[in-house]
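For reference, the chains in residue letters:
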Amino acid sequence: MKYLLQVTAAVALCAGVAHADVIKVGVVGPFSGGAALQGRNFQAGIEAYFALHGKTVGEHEIEVIYRDLPAADPGQSAALTQELIVGEGVQYLAGYYYTPDAMAAAPILEEANVPMVIFNAATSAIVNASPLVVRTSFTTFQTSTPMATVARERGISKAITVVSDYGPGIDAETAFVRAFGAAGGETVQSVRMPMTTVDFSPIMQRIKDSGAEAVFAFLPAGPQTLGFMTAFVENGLKDAGVQLLAPGDLTQESDLPVLGPNAAGMLTTFHYAVSHNSPENIAFIEAASNWLGNPDELSFPAVGAYDGMTVIARMIEATDGRQDAAAAVEAVKGMEWISPRGPVSINPENRHLTQNIYLREVAEVEGKWINHELQVFENQGDPGWVAP
Ligand code: PHB
């Protein structure tokens, strides 16, 4: 009994006091199933961070603990998150590919005293679900808004929108319709399809029947996007001259070896292209590709994860390893750095990235299909964020 009391006292003394130790980061993402390559890109980004910056921050060593969530599943996300906190004692949570998974985990953070750094989930409202959420990806509102300007500049006046019927799809649709309308364009129809849709032929027929010159589309990057792009071509819409406009989720680089000429000339707006020409990106690509083994597998979730680790390292440094979620988040508000995607900063109001959004064109350069950057929309905040 006396020994137990001493131990308890020692633990109590240690709590809140800086000491050299292992800091556990729990990462939830799709590491198996159809979207496994997206999760693999989380891991590639984390490993690239360690390769370039090391695994230690001061005297603290970072240990990453992975949990597999193959498809959007809020119940399972909450369960895995709890288990990481209670069972593994993680001090930070990170990852979260799909919006419903991030939304389900956010209410757990405050009581657990754990910040969450989102590597991907892209619905504007997620940051309002907890003051302990910081996001290093993008929002679909942020990436889709400039596409309306691009469409109008290219003389498109009638468009139809087609999106997956959940948070980031509804945000993408709202963003495009709003900005396209403000620029004098007309959205003739807005179609929302279940997230699980695999047969896109009926949708392609609706696009044809709508008489629109262009379709603006969003689906979460993964098997669905490849299926949608293939159906667009196989149903003759490309040949009929219908313009396909989208945020870059539809032309992620890891799909381009398969999509190849079918996507040639397609315009997308996005926060990151693997072909972005900067010293930071060249170093990042080399490190991430080394870990992946095959450079063709590299895609945007890797840069969200790499920058997410940059933010977590700053949080660990600022708190000197103490578990103080509020102080960790406070320390990164307003943080600025040069990401592989370009200059970024964390908006202190909504803890989301302000960043460049690039207009890109799918092109073959030296035998490789890439998203070739054509134009920059600088320092874009999140136009979809509404103060709670
Ligand atoms: C999301 O669920 O928030 C999500 C997933 C994949 C994307 C974009 C957004 O490509």
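In this text, all values refer to a predicted model and were calculated from it rather than measured experimentally.

1. Observations regarding helix α8 (residues 201-210)
Every α-helical turn comprises 3.6 residues, leaving residues that sit three or four positions apart pointing alike.
Right, on to step 1. Residues of α8 that are buried: I203, M204, I207 and S210. For α8, the angular spread of buried residues about the axis comes to 125 degrees, placing them on one side.
Right, on to step 2. Summarising the contacts, the buried residues of α8 are in contact with β7 (158-164), β8 (186-193), β9 (214-218) and α9 (223-234).
Right, on to step 3. Positive backbone phi, at 75 degrees, marks G211, one or two positions downstream of α8.

2. Regarding the site of the ligand
Right, on to step 1. Taken together, 14 residues sit near the ligand, with T99, A122, Y166, A221 and D249 positioned nearest.
Right, on to step 2. Within the side chain of T99, one N or O atom sits 2.5 Å away from an oxygen atom of the ligand.
Right, on to step 3. The separation between an oxygen atom of the ligand and a polar side-chain atom of D249 is 2.6 Å.
Right, on to step 4. Protein chains shield 100% of the accessible area of the ligand, which is 280 Å² for the free molecule.

3. Observations concerning the packing of aromatic side chains
Right, on to step 1. As enumerated under the stated definition, the model contains 14 aromatic pairs in all.
Right, on to step 2. Taking the centre distance of 4.8 Å and the plane angle of 90 degrees together, the rings of Y97 and Y98 count as edge-to-face.
Right, on to step 3. Its relative accessible area of 5% is what places Y97 among the buried residues.
Right, on to step 4. Members of the aromatic cluster, joined through ring pairs, are Y49, F50, Y272, F284 and Y306.
Right, on to step 5. The residue whose ring lies beneath K55 is F50, and the NZ or CZ to ring-centre distance is 5.0 Å.

4. Let's talk about the domain arrangement of the chain
Right, on to step 1. Taken domain by domain, the chain holds domain 1 (2-138 + 277-351) and domain 2 (141-270 + 357-380).
Right, on to step 2. Centre-to-centre separation of domain 1 and domain 2, based on C-alpha positions: 30 Å.
Right, on to step 3. On the side of domain 2, 19 residues touch domain 1, which itself brings 19 residues to the contact.
Right, on to step 4. The interface formed by domain 1 and domain 2 includes one salt bridge.
Right, on to step 5. Note that K368 is salt-bridged to D296, the shortest N-O span being 2.8 Å.
Right, on to step 6. Across the domain 1-domain 2 interface, the total number found is six residue pairs in polar contact (both at pLDDT 80 or more).
Right, on to step 7. Classifying every residue of the side of domain 1 that touches domain 2 by side-chain character gives nine nonpolar, seven polar and three charged.

5. Some points on the packing of helix α2 (residues 36-53) against helix α12 (residues 301-319)
Right, on to step 1. The contact between α2 and α12 brings their axes to 7 Å, and the two run at 45 degrees. The angle between the axes of α2 and α12 places the two elements in the oblique class. For α2 against α12, the interelement crossing comes out right-handed. Every residue of α12 that contacts α2 at Q38, N41, F42, G45, I46, A48, Y49, F50, L52 and H53 is listed here: P301, A302, A305, Y306, M309, T310 and A313.

6. Some thoughts on the pairing of β7
Right, on to step 1. Where burial is concerned, most of β7 is hidden: six out of the seven residues are buried.
Right, on to step 2. As judged from the seven bridges shared by β7 and β8, these two strands associate in the parallel manner. Across the sheet, I160 pairs through a bridge with Q189, a residue of β8.
Right, on to step 3. For the segment spanning β7, helix α7 (residues 167-182) and β8, crossover handedness is right-handed.
Right, on to step 4. The pairing of β7 with β9 spans five bridges and is classified as parallel. Bridging from a neighbouring strand, V162 pairs with A217 of β9.

7. Things to note about the sheet that holds strand β6 (residues 133-135)
Right, on to step 1. Spatial ordering of the open sheet is given by β2-β3-β1-β4-β5-β6, a layout of six strands whose pairing is mixed. Each edge of the open sheet is held by one strand with a lone partner, namely β2 (56-57) and β6.
Right, on to step 2. Two elements, strand β4 (residues 92-95) and strand β5 (residues 116-118), share three bridges in a ladder whose sense is parallel. In the sheet register, A94 faces β5, and the bridge partner there is V117.
Right, on to step 3. Sheet strands touched by α2: β1 (22-29), β3 (60-68) and β4. Its angle to β3, the strand with the most contacts, is close to 170 degrees.
Right, on to step 4. Contacting β1, β3 and β4, helix α3 (residues 74-86) crosses the sheet at an angle of about 150 degrees to β3.

8. Considerations on the pairing of strand β15 (residues 368-380)
Right, on to step 1. In the sheet, strand β14 (residues 353-365) pairs with β15 via ten bridges, with the strands oriented antiparallel. Following the sheet pairing, Y358 is matched in β15 by V376.

9. Some thoughts on the UniProt feature "domain: Leucine-binding protein" (unreviewed entry) in the chain
Right, on to step 1. Mapped onto the present numbering, the UniProt feature "domain: Leucine-binding protein" (unreviewed entry) falls at residues 23-363.
Right, on to step 2. Secondary structure across residues 23-363 divides into 41% helix and 23% strand, with the first and last C-alpha atoms of the span separated by 43 Å.

10. Considering α3
Right, on to step 1. Here α3 contains 13 residues, and its C-alpha end-to-end distance of 18 Å stays within 8% of the 18 Å for a straight helix at 1.5 Å per residue.
Right, on to step 2. For α3, the secondary structure elements touched by its buried residues are β1, β3, β4, α4 (99-105) and α5 (109-112).

Cut-offs applied
- Residues numbered from 1 in each chain as written.
- Predicted model: local features only at pLDDT ≥ 70, side-chain atom pairs only at ≥ 80, totals over all residues.
- Heavy atoms only, no water.
- Buried < 20%, exposed > 50% of the residue type's maximum accessible area, 1.4 Å probe, protein only.
- Helix = DSSP H or I, 4+ residues; strand = E, 2+ residues; numbered from the N terminus.
- Arc of directions from axis to C-beta.
- Contact = heavy atoms within 4.5 Å.
- Near = heavy atom within 4 Å.
- Polar contact = N/O pair within 3.5 Å; in protein donor to acceptor, adjacent residues only side chain to side chain.
- Areas by Shrake-Rupley, 256 points an atom, 1.4 Å probe, with all protein chains shown as cover.
- Phe/Tyr/Trp six-rings, centres within 6.5 Å; stacked < 30°, edge-to-face > 60°.
- Lys NZ or Arg CZ within 6 Å of the ring centre and 35° of its normal.
- Domains from an automatic or database assignment.
- Salt bridge = Lys/Arg side-chain N within 4 Å of Asp/Glu carboxyl O.
- Nonpolar A, V, L, I, M, F, W, Y, C, P; charged D, E, K, R; others polar.
- Axes fitted to C-alpha atoms, helices over the stretch in contact; angles between N-to-C directions.
- Parallel < 35°, antiparallel > 145°, perpendicular 65-115°, else oblique.
- Left-handed = near helix turned anticlockwise from the far one by under 90°.
- Pairing = 2+ DSSP bridges.
- Right-handed = clockwise from strand over helix to strand, strands pointing away.
- UniProt positions renumbered as here; feature names shortened; annotations may be inferred.
- Expected span 1.5 Å × (residues − 1).

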